[in-house]
Amino acid sequence: MSEIILKNLRHSYMAEPQDDADWALKQMSVDWSDGGAYALLGPSGCGKTTLLNIISGLLTPTEGEVWFGEEEVSQLPADQRNIAQVFQFPVVYDTMTVYDNLAFPLRNRGIGEAEVDRKVREIADMLDLGETLMTRAAGLTADGKQKISLGRGLVRSDVNVIMFDEPLTVIDPHLKWELRSKLKELHQQIGTTMIYVTHDQTEALTFADQVVVMQEGEVVQIGTPVELFERPQHTFVGHFIGSPGMNVLACEVDQGQPVYGGIPVEMTDKVKADDPSARLEIGIRPEFISFADQGIPVNVEKVSDAGRFSIVETRHGDDVIKLLVPEGGNVPSESTFLKFDPDHTQVYANDWMVSRGSHG
Amino acid sequence: MDNKTTYQKAWFFVIPVVVLVAFNALIPLMTVVNYSVQETFGNNVFFWEGVKWFEEVLNSERFHASLGRQLIFTGTILAIEVPLGVAIALTMPKKGVWVSVCLVLMAMPLLIPWNVVGAMWNIFALPDIGLLGHSINALGIEYNFTRQPMAAWFTTILMDVWHWTSLVVLLAYAGLNSIPDAYYQAAKIDGAKPWAVFRYIQLPKMKRVLTIAILLRFMDSFMIYTEPFVLTGGGPGNTTTFLSIDLVKVALGQFDLGPAAAMSLIYFLIVLLVSWVFYTLMMKNEGQ
């Protein structure tokens with residue numbers, strides 16, 4: 001096991017990439033420590049599977065290097081990298097039994113039958129596959145097959161990292177939760193580095209210690225779930241994580257303080273924007289807005305019940321501002337005022353956060 | 001299935017199909033059944049003979065001989081065409097411009113009418129002027145498919161392999177192309193060698209299409225008539241007289257309608273039985 005370092009990685013599926021759009025993966029450098037649980041989160045087509053395949057060795061990057069600890073593996077094929085991968089659709093060897101499926105990677109590596117048997121039974125127990133061990137793998141349900149795919153990675157003791165490419169896509173909703181907690185449990189039990197690719201924020205945020213958010217081939221933020229929620233570095237992270245997403249409102253900046261619709265907005269951090277032509281926006285999550293006696297004047301337009309809280313849609317000029325009101329909270333009718341929490345108000349220039357201050 | 005409703009009048013919807021099938025299969029078949037149990041001397045006069053013709057055919061050495069030849073022929077071409085077809089499919093490109101080139105080349109032999117194939121190979125294999133026949137003789141090997149039984153068999157089998165291997169190739173290729181990339185990637189990560197990839201991924205995934213390919217090749221080759229008839233006419237002697245050539249000789253050459261009808265039915269039942277047994281065995285584990 002070892003840490004994973006990606007140095008100035010860049011990839012294009014074209015032979016001669018010309019402009020920015022030709023790169024499926026824009027330049028990135030990441031440093032993942034040994035034994036962590038990471039998630040790659042982003043919408044379909046954002047390059048997360050490309051990145052995963054580069055790490056696993058199924059793709060060779062156009063530029064940049066992949067290091068596993070002290071060893072550069074950029075040019076090594078997948079079978080020499082000591083990685084395991086679970087794919088979107090379960091991959092099992094249909095004609096083999098569950099036992100033979102689990103034993104396959106070990107037998108291919110010339111490991112003795114006694115050791116194979118010990119390892120297979122150990123992992124089968126861990127994955128609750130003990131009872132089906134001698135049945136044909138083709139007869140199992142999707143979640144059972146996905147466990148086999150995972151098991152083929154777990155039986156090997158030389159695995160640096162286990163990668164998951166949207167592994168719950170074909171799993172029934174009520175089993176998703178179960179399999180996810182199983183994964184979390186396994187991670188704690190065996191401590192192998194795990195990288196989990198998904199477009200589902202719940203899966204990413206519940207699984208990972210650190211989430212890498214990607215958009216159009218670019219890493220927009222790497223952080224803990226709390227960081228992504230409280231301090232999104234890019235408006236995309238604000239939109240993509242959280243439900244409903246962050247409010248993004250066009251604004252001006254006057255002496256380091258944002259001004260929205262002619263009204264100065266209080267903010268703990270100071271804006272450090274040096275590009276005068278940049279498009280400036282305030283970002284504030286619905287969770288951090290409350291009704292007040294004065295502030296930003298709005299009209300309440302719609303209230304939808306979302307269980308423990310209500311989502312209230314208000315309008316200020318052309319902008320719709322959403323806020324959350326806890327269950328039983330008071331929602332004023334028609335015109336009222338909003339107050340933004342100064343600790344959680346950020347300013348973005350051309351979509352990137354430019355407010356700096358007490359949070360570092 | 002408790003909530004299943006029963007509606008007997010729905011049977012009326014099946015009537016058009018029953019009528020169609022009756023006219024194109026059942027009624028013609030019944031005339032054969034009719035001939036197979038009677039004797040006629042013309043003038044529409046028939047005498048009941050029971051199973052006499054069936055006994056006669058089943059006990060005739062001539063039938064045994066042509067059935068034997070038929071089994072050897074079908075077995076041989078299956079043993080060649082199926083592995084060869086799979087091997088060719090494995091070497092074909094997966095994407096790019098060459099895919100269509102390969103597919104068109106592969107489809108070519110399938111587009112040529114049977115009797116043309118027979119005529120082509122007849123000329124091709126002629127020992128004096130045919131390219132194949134002349135070349136073999138030029139190598140110092142005596143070759144004359146109209147005189148040597150071995151040469152006749154060799155030419156007939158080569159012709160069938162040339163004509164029909166493409167069918168196996170196309171089906172196997174379609175089967176191979178339907179395997180998602182993830183399987184190959186997983187196999188790579190699991191450290192599988194090429195043979196293991198073939199044995200545990202490609203072959204199982206091709207099982208259905210190969211079952212169809214083998215069935216089609218079995219049925220077609222078991223009923224082969226035109227090509228060997230044009231090429232060798234069943235000769236030299238009776239050495240390439242397969243079942244349908246023999247059947248035509250009995251029915252139209254000797255005009256023995258009773259034995260010919262009995263033979264037709266036996267022939268039909270063999271094809272049906274073998275196909276059914278084979279298909280059932282292959283699909284036994286597919287229900288899951």
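Calculation rules
- Residues numbered from 1 in each chain as written.
- Chains lettered and ligands numbered in written order.
- Predicted model: local features only at pLDDT ≥ 70, side-chain atom pairs only at ≥ 80, totals over all residues.
- Helix = DSSP H or I, 4+ residues; strand = E, 2+ residues; numbered from the N terminus.
- Buried ≥ 20, exposed ≤ 12 C-beta atoms within 10 Å, placed from the backbone.
- Rg over C-alpha atoms; globule rule 2.2 N^0.38 Å.
- Contact = placed C-beta atoms within 7 Å.
- Core = buried A, V, L, I, M, F, W, Y, C linked by C-beta atoms within 7 Å.
- Nonpolar A, V, L, I, M, F, W, Y, C, P; charged D, E, K, R; others polar.
- Domains from an automatic or database assignment.
- Axes fitted to C-alpha atoms, helices over the stretch in contact; angles between N-to-C directions.
- Parallel < 35°, antiparallel > 145°, perpendicular 65-115°, else oblique.
- Left-handed = near helix turned anticlockwise from the far one by under 90°.

## What about the overall build of chain A?
The helix and strand tally for chain A stands at 8 helices and 24 strands. Viewed in the frame of its principal axes, chain A has a C-alpha envelope of about 75 × 50 × 35 Å. Taken over 360 residues, chain A has a buried fraction of 40%.

## Looking at the overall build of chain B
Helix and strand counts for chain B come out as 12 helices and 2 strands. Along chain B, helices (α) and strands (β) appear in the sequence α-β-β-α-α-α-α-α-α-α-α-α-α-α when read from the amino end. Against the globule reference of 19 Å for 288 residues, chain B gives a C-alpha radius of gyration of 24 Å, more extended than a compact globule. Its C-alpha atoms put chain B at 75 × 75 × 30 Å along the principal axes. Scored against the burial criterion, the 288 residues of chain B give a buried share of 28%. Partitioning the contacts of chain B with sequence separation of at least 6, the portion at a separation of at least 24 is 70%.

## Brief notes about the environment of C251(A)
By secondary structure assignment, the location of C251(A) is in the loop between strand 11 (247-250) and strand 12 (252-254). Sequence spacing of C251(A) and E70(A) is 181 residues, and the spatial spacing of their C-alpha atoms is 48 Å.

## Regarding the nonpolar core
All names here are of chain A. Core analysis: the biggest nonpolar cluster contains 74 residues, and A39, L40, I195, Y196, V212 and V213 have the highest contact counts within it. For this core, the element with the highest residue contribution is helix 2 (residues 98-108), accounting for 5 residues. The contact partners of V213, leaving out residues within four places of it in the chain, are L41, G42, V220, Q221, L228, V237 and F240.

## Section: the interface of chain A and chain B
Many analyses report the size of an interface as the accessible area lost when the parts associate. Taken together, the contact pairs 21 residues of chain A with 15 residues of chain B. Classifying every residue of the side of chain A that touches chain B gives 12 nonpolar, 5 polar and 4 charged.

## Observations regarding the domain arrangement of chain A
Here chain A is described as being made up of domain 1 (4-230) and domain 2 (243-356). For domain 1 of chain A versus domain 2 of chain A, the separation of C-alpha centres amounts to 38 Å.

## Focus: the packing of helix 3 (residues 61-91) of chain B against helix 7 (residues 149-177) of chain B
All names here are of chain B. Running from N to C, helix 3 and helix 7 point in directions that differ by 45°, and their axes come no closer than 7 Å. For the element pair helix 3 / helix 7, the angle class is oblique. Judged by the sense of rotation from one axis to the other, the crossing of helix 3 with helix 7 is right-handed. Counting all contacts with helix 3, which are made through T76, I77, I80, E81, V82, L84, G85, V86, I88 and A89, the residues of helix 7 involved are I157, D160, V161, W164, T165, V168, V169, A172, Y173 and L176. Grouping the amino acids of the contact of helix 3 with helix 7 by side-chain chemistry returns 15 nonpolar, 3 polar and 2 charged.

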